[in-house]
Amino acid sequence: MARPRSQLTGREMSVRSGPTWDDMLAGAPETAPDDPDLRGIEEQVKLSYEHAFMFYLPRICEHCLNPSCVASCPSGAMYKRDEDGIVLVDQDKCRGWRFCVSGCPYKKVYFNHQTGKAEKCTLCYPRIEVGLPTICSETCVGRIRYLGLVLYDADRVREAASTPDEKRLLDAQLGLFLDPEDPAVRAQARRDGVPEDWIEHARRSPVHALAIRYRVALPLHPEYRTLPMVWYVPPLSPVVNVLERDGFEADPDDVFPAIDRLRIPVDYLANLLAAGDPEVIRGVLRRLAAMRAYMRKQQVLGETDDAVAAGVGMSSADLEAMYRLLAIAKYEDRYVIPQAHTELAQRLAELPGTCGLDFEGGPGGCGALPRPAAGINQNFMLTRKGGPPMGRSLPVLNRRPEEPGR
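Conventions we followed
- Residues numbered from 1 in each chain as written.
- Predicted model: local features only at pLDDT ≥ 70, side-chain atom pairs only at ≥ 80, totals over all residues.
- Heavy atoms only, no water.
- Helix = DSSP H or I, 4+ residues; strand = E, 2+ residues; numbered from the N terminus.
- Buried < 20%, exposed > 50% of the residue type's maximum accessible area, 1.4 Å probe, protein only.
- Contact = heavy atoms within 4.5 Å.
- Salt bridge = Lys/Arg side-chain N within 4 Å of Asp/Glu carboxyl O.
- Pairing = 2+ DSSP bridges.
- Phe/Tyr/Trp six-rings, centres within 6.5 Å; stacked < 30°, edge-to-face > 60°.
- Lys NZ or Arg CZ within 6 Å of the ring centre and 35° of its normal.

A few points about unusual backbone geometry
- Not every positive phi belongs to a glycine, and Leu123 is a case in point at roughly 55°.
- In this structure, Arg143 takes a positive phi of about 55° despite not being glycine.
- Checked against the element boundaries, Arg143 lands in the loop between helix H5 (135–138) and helix H6 (157–161).
- Taking relative accessible area as the criterion, Arg143 reaches 41% and is therefore assigned partly exposed.

What about helix H13 (residues 266–273)?
- Counting buried positions over the eight residues of H13 gives seven, a clear majority of the element.
- Listed in full, the buried residues belonging to H13 are Val266, Tyr268, Leu269, Ala270, Asn271, Leu272 and Leu273.
- Contacts from the buried residues of H13 go to strand S5 (218–219), strand S6 (231–232) and helix H14 (278–301).
- Phi turns positive, to about 55°, at Ala275, one or two residues after H13.

Observations concerning the environment of Phe53
- Position of Phe53 among the secondary structure elements: in the loop between helix H1 (28–31) and helix H2 (68–72).
- Judged by its relative accessible area of 18%, Phe53 falls in the buried class.
- In this structure the C-alpha to C-alpha distance between Phe53 and Arg263, which are 210 residues apart in sequence, comes to 6.7 Å.

Let's talk about the pattern of salt bridges
- Going through the model one piece at a time under the given rule, you end up with 13 salt bridges.
- In this structure, the salt-bridge partner of Arg127 is Glu138, at a minimum N-O distance of 3.0 Å. Residue Arg127 is found in helix H4 (residues 125–129), and its partner Glu138 is found in helix H5; the two are separated by eleven residues along the sequence.
- Between Glu200 and Arg203 there is a salt bridge whose closest N-O contact spans 3.4 Å. You can see Glu200 and its partner Arg203 sitting in helix H9 (residues 196–203), three residues apart, about one turn around the helix.
- Given the relative accessible area of 26%, Arg203 is considered partly exposed.
- Salt bridges sharing partners connect three or more residues here, namely Arg3, Arg5 and Glu12.

Re the pairing of strand S4 (residues 117–120)
- Of the strand pairs in this sheet, strand S3 (residues 109–112) and S4 are connected by four bridges, and their pairing is antiparallel. For Phe111, the partnering residue across the bridge sits in S4 and is Ala118.
- The antiparallel hairpin formed by S3 and S4 contains four residues in its connecting segment, where Gly116 sits at a positive phi of about 75°.

Some thoughts on the packing of aromatic side chains
- With the rule as written, the count across this model stands at four aromatic pairs.
- Ring centres of Trp97 and Phe99 lie 6.4 Å apart, and the angle between their planes is 15°; on these two criteria the pair is classed as stacked.
- Its relative accessible area of 43% is what places Phe99 among the partly exposed residues.
- Ring plane angle 55° and centroid distance 5.9 Å describe the contact between Phe177 and Trp231, whose orientation is recorded as tilted. With Phe177 in the loop between helix H7 (169–174) and helix H8 (183–191) and Trp231 in strand S6, this pair connects stretches of sequence that are 54 residues apart. Accessibility classification places Phe177 together with Trp231 in one group, the buried group.
- Above the ring of Phe111, the side-chain terminus of Arg98 is found at 4.3 Å from the ring centroid.
- Between Arg213 and the ring centre of Tyr214, over which it is positioned, the NZ or CZ distance is 5.8 Å.

Put into structure tokens, the structure is as follows:
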């Protein structure tokens, strides 16, 4: 068996933890007690095999509205694009400070020791610009990923992130999102230069439908105050399967009280997706349970039970539309992505980020850093004690002055 070796020193190493250490419960008994999401519910969660629960939580960069990695970067290499909200790293500006790595609460920025630069998920922005979904979405065999456009009020981001009560942060972020069906919103978007087809894509956005219209998608750890833009639909299946006694239908009267008997504790999901507020999770699970009960009765018994929809504050049309989106949505319904406009190409190339040292009263100096003409030893972090740097110098591609690096 090949022994693991460090890519930095070349020496053998004993691996005791890693990014996927808990995958398939491999390291759970040793590491799970330190999980902050278990805080306050330790007695409900048993780590013995027969009582364990597991569900996958696919995670990429959250591309937050209030990204802490951008705020942490001293050199201004991290920036959020005005046009589509994607958070990127300018490799030419990055100086390897690594404050973005420690500043991201989701730990989705990593440091490349070969180049001495920070790297992260780019949301496959070259594909997004031509209307194609990200690779992780394109290749998802479970069809569980959705991509769409959301209009929001950028002027109120700071106000929302400053909400004093953590449990009100979700409502504060939802308050930022604008209704694309509102004629006043569409008119203002046109005045602000938003293309007409982008406005139409916002009206068809599956993300807007799941997060705002149906309120079944939730952000990951809203208490971090970064206002994340990758949202999740909590799992429901265990509670319904347990109550299916007649082979085709779970009684909604049984489902709703049984939500607190989920094998995955409601409080755990609340710590993960609702800043510790279990009522938010219960509301989402009730809507999902109502959708399943309504559609099963309609398809198996041929009956339409409007009382089920009314019980969760929705209409029968809403439950049917939510079912189509979550269960049988086609490719073009799951990925509603407008193409970038050629007339906005210059805006797409602009860097809205600024140097983190060039604030009033700050030390400054970022603008004075000259760009190397021929080459630079980008392995500057990999040095031997008392010896020359490890590795070799890497060439730097000389782009045109008007062409910023990505």
